[in-house]
Every structure is written in C-alpha cells, then in structure tokens.
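Residue strings, one per chain:
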Amino acid sequence: MLSKILLLLGITLMYSTPLVFGALGGVISERSGVVNIGIEGMMTVGAFTAAAVSYFTGSPWLGLLAAGAAGGLISLLHAVASVTFKADQTISGIAINLIGPGLALFFCRLMFDDATMTLPAKTLPKLFGESGFADSPLKNLNVDVTVVLALAVSAVMWFFLYRTKWGLHVRSVGEHPAAADTLGIHVSRVRYLCVFVSGVLAGFGGASMTLAIISQFTPTAISGQGFIALAAVIFGKWTPFGAYGACLLFGFAQALTIVLGGGDFAVPSQILAMLPYILTIVVLILFVGRSVAPKADGEPYEKGVR
Amino acid sequence: MKTTVKILKKPITSTFIAILFGFLVAAVVLVFAGYNPWESFGALFRGIFAKPKYISNVIIKATPIILTGLSVAFAFKTGLFNIGAEGQYIAGTIAAVCVGVKFDFAPVIQIPLVVLSGVLAGAVFGGIIGCLKARFGIHEVITSIMLNWIGLYLSNFIVNTAVYHQPNSTSSFAVNESSFTMLLPNWKTSKAGMAALKPHQWLYEMMLKTDVNFGILVAVIMALVIWVLLYRSTKGYELRAVGFNRDAAEFAGINVGRNITQAMLIAGALAGLAGALAITGTSPHKISQMAAFENNGFNGLSVALIAGSSPVGCIFAGLLFGGLLYGGQSVQQDVGAPTEIINIMIGTIVFFVALTKIVPSLADRLEKRGAHRVK
C-alpha cells in the first residue's frame with residue numbers, strides 16, 4: 001500500500017514538473033502585465049534544444065542550460081512585439097506557438113537525418129536512485145532532480161514577488177503601470193525581463209520533459225503541455241504556489257489514470273485519460289470560480305496615457 | 001503623400017506586409033539552412049497552382065479551417081477567446097461519424113441529419129464553455145483547453161468501441177455513402193460522367209482526382225451569414241457591445257451572461273460544422289485514433305488573426321493557409337527542405353500581423369508631419 005502511494009506521488013511529481021516550470025513562466029510574465037499564450041512554443045523549443053545539446057555534448061546539465069537560453073531567446077520575440085511595439089499579446093503569443101515548434105522540428109530534421117525526433121539523449125540524474133534504495137519502498141519515489149528544482153523555483157518566485165522590492169515593482173507594473181512609472185520604475189524594462197524569465201522557465205519546462213521523462217525529443221513531446229500550464233496559471237490565480245498546486249492536481253489526476261489503468265478497474269483507458277481534464281473543470285466549478293487577472297494584464301503601456 | 005497614407009491605413013495593407021515578411025523570414029531561414037529560397041518558393045507555388053488537382057486540394061484543405069477560423073473570429077468579436085475550436089471540431093467529427101454510421105436514410109435526409117448532428121455537438125462543446133463562463137466566471141481559456149483534450153480522448157474512445165471500431169485498423173467505420181457531400185460522387189465515376197468530363201481536361205482532373213465537395217460553398221455562405229449576423233442584426237449589435245465593453249453593455253441593459261453563452265454556442269456550432277463537413281466531404285470519411293491534435297481548430301486561430309477577425313477575410317486567409325499547408329509538402333519533395341519551414345512562415349506572418357497593427361497609427365503620424373510641413 002505504502003509503495004503504491006509513493007508510486008502515485010512519484011508519478012504525480014514527475015508529470016507536474018514540466019507544467020510547473022511552464023506555469024511559473026506564465027505567472028511571472030502575466031504578473032508584469034504581459035499575457036503569454038506562447039508558453040507552448042517556448043517549451044517545445046526548450047524540449048528540442050535540451051535533447052539535442054544533451055545528445056551532442058553528453059551533458060544533460062548543459063542541455064538544461066541551453067534549453068533555458070533558447071526559451072529566453074524566443075521569448076524576446078514576444079517581448080519585442082508586446083512591449084516595444086505594443087502589439088496584440090494574444091496574437092504574438094500564438095505566433096510564438098507556431099514559430100517555436102516550426103523551428104524545433106526544422107532543426108531536428110536538419111540535425112537528425114530528416115527524422116522528426118532526436119536520438120535518445122543522456123538524462124538528468126534521479127534522486128533515490130535504484131542503487132541505494134533498491135529494497136526500500138522509497139525507490140518508488142524515484143523522482144528527477146527537476147522535481148526539486150521546480151519546487152525551489154516556485155519558492156524563490158514567491159519570495160521574489162511578495163518579499164522583495166523588485167517583486168513589488170513587478171506587481172505594480174502589472175496592476176497599474178502608470179503609477180509604477182510615476183514612481184520611477186522602468187515599465188518596459190521590467191516587462192522585458194519578466195517575459196525573458198518566463199521564456200527561460202518555459203525552456204526549462206520543455207527540458208524537464210526531454211531530459212527526465214522521455215529522454216528524447218518527439219513531435220508530441222510537448223503537445224498541449226504549454227496550454228495546460230497556461231490553464232494552471234489562471235487556475236492558480238496568477239500566484240506561484242497557486243500555479244504549483246494546480247500543476248500538482250493535474251499531475252495527480254494523470255498519475256491516478258496510470259495507477260488505476262493497471263487493470264484493477266474496468267474503465268476504458270480513454271475514459272480514464274479524460275479524468276484530469278474533467279477533474280480540473282469540476283474543481284474550478286466547486287472551489288475556485290471567478291479568477292481575476294492582474295489589472296493591466298494584456299494591456300500595452302503607453303507613456304502619458306492614464 | 002495622401003494616397004500613401006490612405007493605403008497604409010487600410011487593414012489589408014498590414015496583412016500584405018505581414019505576408020511579405022513571412023516569405024522574407026522563411027527565405028532567411030532557408031538560406032541559413034543551406035537551401036535555395038527561390039527554388040523552395042517555386043516548389044511551393046508549383047505545389048499550389050501547377051495542376052488543377054492541386055488547386056482543388058487546396059480548397060478542400062482550406063474548407064475546415066475557414067470555418068474554424070470563422071468560429072474563432074466570431075468569438076473574438078464578442079470578446080471571447082475561443083481556443084477550443086479544436087475540441088469543438090473534434091466533437092463535430094465524432095457526432096457525424098456516430099450518426100453517419102448508424103443511420104442510412106436517403107441523402108436528402110441523411111446529409112442534413114449528419115451535418116446537423118456535428119453542428120449540435122460542436123455547439124454543446126462551445127456552449128459548455130460559454131455557460132461556465134457566464135454562470136461561474138470560469139475563464140474560457142481553461143475550459144476550452146480542457147474540452148479540447150476531453151474531445152480528443154472521447155474521439156479515441158468512440159473509435160475503439162465495439163460498435164464503431166473497424167476491425168484490424170486504428171479507425172472507426174466510414175460513414176454510410178448516403179452522407180457523402182462530394183460533388184456528384186457517383187456520376188463522375190460512371191461511364192456517362194467520364195465521357196462528359198473527358199473533353200474538359202481541367203475539370204476532369206479536378207473532379208476525378210480529388211474529393212471536390214460542397215463544403216467550400218457552405219463555408220462561404222456561413223462567412224456571409226456571420227457577417228450579416230454581426231453587423232446587420234440587433235443580436236449582432238448586442239454581441240459586439242458585450243465584446244467591446246462588457247460593463248457598458250451591462251449598463252445598457254444587455255444580458256451579458258446570456259450573450260456570452262449564445263456567442264460560444266454559435267462559435268462551437270461553426271467549428272462543429274467544420275468537423276461534420278470534413279467527415280462527409282473528404283475521404284476517409286471516418287475518425288482515427290489520435291496521438292496529438294490535428295490542428296484544424298488551432299489553425300483556425302491563425303486564420304482568424306490573419307483575417308483580422310473579419311468573417312469574409314477568413315475565406316481568403318483560410319485559402320492562403322490551405323495553400324501554404326498543401327503546397328508546403330512539395331517543398332520537401334522537390335527541394336528537400338523540411339516542410340516545417342511552412343510553420344515558421346505562417347508563424348512569422350501571424351507575428352507580423354500583430355506588429356503591423358501599428359502601421360495605421362504610424363500613418364497617422366506621417367500625415368500629421370506632412371500637414372506640418374505644408375504649413
């Protein structure tokens with residue numbers, strides 16, 4: 001029983017990790033007032049970069065860093081459009097979702113002999129690895145380092161947003177950019193940074209898929225995770241721990257489908273697969289309800305306009 | 001000067017600039033990857049226009065995304081972001097298959113029955129989103145995303161049920177022939193039909209080698225219907241008022257909640273129609289096990305954006321999109337460059353659609369400066 005619970009916990013953490021990174025990326029960007037629908041595209045770029053770099057260099061850590069850099073780089077497109085050019089942020093985000101996977105698959109075909117998936121890459125280490133804990137039930141809690149990283153990043157982001165001056169700046173820019181501007185906060189710079197960080201985190205999210213869960217990049221590696229992360233941002237009411245919790249719930253529902261799908265129940269696997277999504281809607285109806293975004297979310301800031 | 005400003009202010013100019021940039025960026029990426037952009041674009045255009053068959057296939061490819069584009073555009077106009085067109089499209093295909101396999105009436109009854117069942121299923125999917133938003137204030141983006149996945153797994157479930165699963169395959173049975181909406185499907189393969197078509201090489205190729213169907217007509221008609229609904233009816237005024245300023249609409253006595261639900265019902269119905277028409281109009285006339293989304297709904301997002309949410313614009317944006325998607329395959333076949341260049345191109349176009357929204361305001365500034373100089 002204990003081992004089953006630990007297994008459930010392990011899978012929950014495993015599946016929620018890429019989502020957590022993606023969702024935290026969404027939180028930081030939207031907190032500064034820039035809607036980021038492009039998480040999906042940024043995650044895909046990160047997933048490919050991580051797998052490719054890890055494969056060619058043999059270092060998954062380098063892969064992780066490269067994924068962050070790639071995600072950050074592509075997020076700059078979004079930043080330029082939505083901050084400098086005050087373009088429609090939804091449209092620009094959707095463009096990122098088209099460009100990101102396009103670039104990832106394009107380069108994948110170039111580098112891997114016209115295949116749409118990379119060769120298996122070296123993955124990141126796991127905690128409680130099989131060697132030391134072979135006999136203890138703890139081996140079922142065989143989590144990846146990315147799981148711990150994700151938790152750490154959420155904690156850091158919470159501390160940053162609510163306990164530091166810079167966090168206050170970010171939040172004020174997202175709520176009332178004009179007021180922030182009056183106080184001498186550089187609105188555009190804050191937004192640029194936040195969008196960039198959101199891209200880096202989304203890149204990590206993609207990497208934690210290909211460097212921990214599936215060990216190679218495939219066209220369906222990310223498919224939809226970025227959108228679910230986006231849902232988690234709203235679900236978690238634009239807070240780091242809220243988003244983290246939403247991702248956990250999602251990972252848990254997914255773990256449940258796997259553990260229940262073991263054959264003990266006569267429910268068809270496709271119906272079980274719907275569970276996470278139905279559960280999310282039910283939880284929303286019962287507990288969460290109306291969600292209020294940061295006031296200036298999605299609105300370009302024009303100096304001098306009140 | 002004045003004419004330049006005037007041209008710059010037209011929304012269509014921005015769109016063309018965006019398309020131009022799409023090609024430009026794609027060319028740069030191609031050069032970077034070591035391919036000749038001229039050859040690649042040549043292959044692309046040959047893949048669209050070289051044969052009547054290709055043109056026909058482009059139109060077939062464009063039909064569903066024109067409709068999902070309309071769905072997204074309509075929702076946009078009412079202030080809603082329908083990221084759920086994918087799920088509504090899938091719902092449409094599921095319902096069409098269920099009804100089309102089960103029943104076998106005469107085409108006059110069967111076709112409307114199958115198509116309407118798809119419309120209804122899409123409307124239900126959209127309606128849930130709208131209802132949850134209106135009643136509980138749940139963000140439409142979350143419910144949309146969740147329903148997309150529910151649709152995907154529901155489709156996989158139906159494919160695998162004993163009633164609909166075609167043995168030794170990964171797909172369902174095809175719908176009964178009475179539900180097909182191809183243009184004269186039986187006549188064109190009959191002796192008389194062949195004989196009549198033979199002298200007209202163009203028609204012959206277009207009709208016989210592709211699934212020419214009525215879908216495009218329906219799509220064009222729906223674009224006009226949506227335009228009339230939005231801009232020439234009281235309901236449309238209400239819907240747009242809610243989209244423009246929710247609080248003001250409420251103050252003016254418009255029932256915001258009901259309008260949100262209705263808007264999503266209609267948006268869902270359009271995407272469901274796209275799904276149903278895809279089933280009745282094109283082979284293989286059935287649904288298959290899916291590992292990932294087929295993007296008919298998500299492509300609608302791009303179509304709506306390129307069209308600037310104009311219903312009639314969706315027709316052209318959809319055709320452009322269908323052309324790029326279909327012709328893009330030739331780039332890989334002829335030049336060897338990865339087809340994904342098309343996705344990069346489409347993404348760039350959408351990106352510049354967002355950027356070129358600023359062109360009109362730039363034109364304004366240009367105009368002012370011009371006036372200043374005259375003084």
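Residues numbered from 1 in each chain as written. Chains lettered and ligands numbered in written order. Predicted model: local features only at pLDDT ≥ 70, side-chain atom pairs only at ≥ 80, totals over all residues. Heavy atoms only, no water.

**Student:** For this particular structure, what's the right way to read the overall build of chain A?
**Tutor:** Looking only at helices and strands, chain A has 12 helices and zero strands in total. Relative to the compact-globule value of 19 Å for 306 residues, chain A shows a C-alpha radius of gyration of 20 Å, a close match. In terms of its C-alpha atoms, chain A occupies a principal-axis envelope of roughly 65 × 50 × 35 Å. Residues classed as buried in chain A amount to 56% of the 306 residues present. Pairs at least 24 residues apart make up 77% of the contacts formed inside chain A by residues separated by at least 6 positions. Distance between charge centroids for chain A: 11 Å, based on 17 positive and 14 negative side chains. (Helix = DSSP H or I, 4+ residues; strand = E, 2+ residues; numbered from the N terminus. Rg over C-alpha atoms; globule rule 2.2 N^0.38 Å. Buried < 20%, exposed > 50% of the residue type's maximum accessible area, 1.4 Å probe, protein only. Contact = heavy atoms within 4.5 Å. Lys, Arg positive; Asp, Glu negative; His and termini not counted. Charge placed at Lys NZ, Arg CZ, Asp CG, Glu CD.)

**Student:** Hey, could you run me through helix α4 (residues 89–111) of chain A in this one?
**Tutor:** Because each turn of an α-helix spans 3.6 residues, side chains separated by three or four positions in sequence point in the same direction. Residues and elements named next belong to chain A. The terminal C-alpha atoms of α4, which comprises 23 residues, lie 32 Å apart, in line with the 33 Å expected from a rise of 1.5 Å per residue. In terms of burial, α4 is a largely internal element, 17 of the 23 residues being buried. Measuring from the backbone nitrogen of T90 back to the side-chain oxygen at the start of α4 gives 2.9 Å, which picks out D88 as the cap. In the stretch just after α4, D113 is the one whose phi turns positive, near 60°. (Expected span 1.5 Å × (residues − 1). Polar contact = N/O pair within 3.5 Å; in protein donor to acceptor, adjacent residues only side chain to side chain.)

**Student:** Help me understand the interface of chain A and chain B in this model?
**Tutor:** Much of the literature gives interface size as the accessible area that the parts lose upon coming together. Every contact between the two is made by 45 residues of chain A and, on the other side, 47 residues of chain B. Counting each side, the surface lost to burial between chain A and chain B is near 4,200 Å², with a carbon and sulfur contribution of 83%. Counting the contacts that link chain A with chain B gives one salt bridge. Viewed at the interface, chain B and chain A are joined by one residue pair in polar contact (both at pLDDT 80 or more). At the level of secondary structure, the elements contributing two or more residues to the side of chain A that touches chain B comprise α3 (60–84), α4, α10 (225–235) and α12 (269–288) of chain A. If one sorts the elements of the side of chain A that touches chain B by residue count, α4 of chain A sits on top with 14 residues. Looking at the side of chain A that touches chain B, its residues break down into 31 nonpolar, 10 polar and four charged. (Buried area = accessible area lost by both parts, 1.4 Å probe. Salt bridge = Lys/Arg side-chain N within 4 Å of Asp/Glu carboxyl O. Nonpolar A, V, L, I, M, F, W, Y, C, P; charged D, E, K, R; others polar.)

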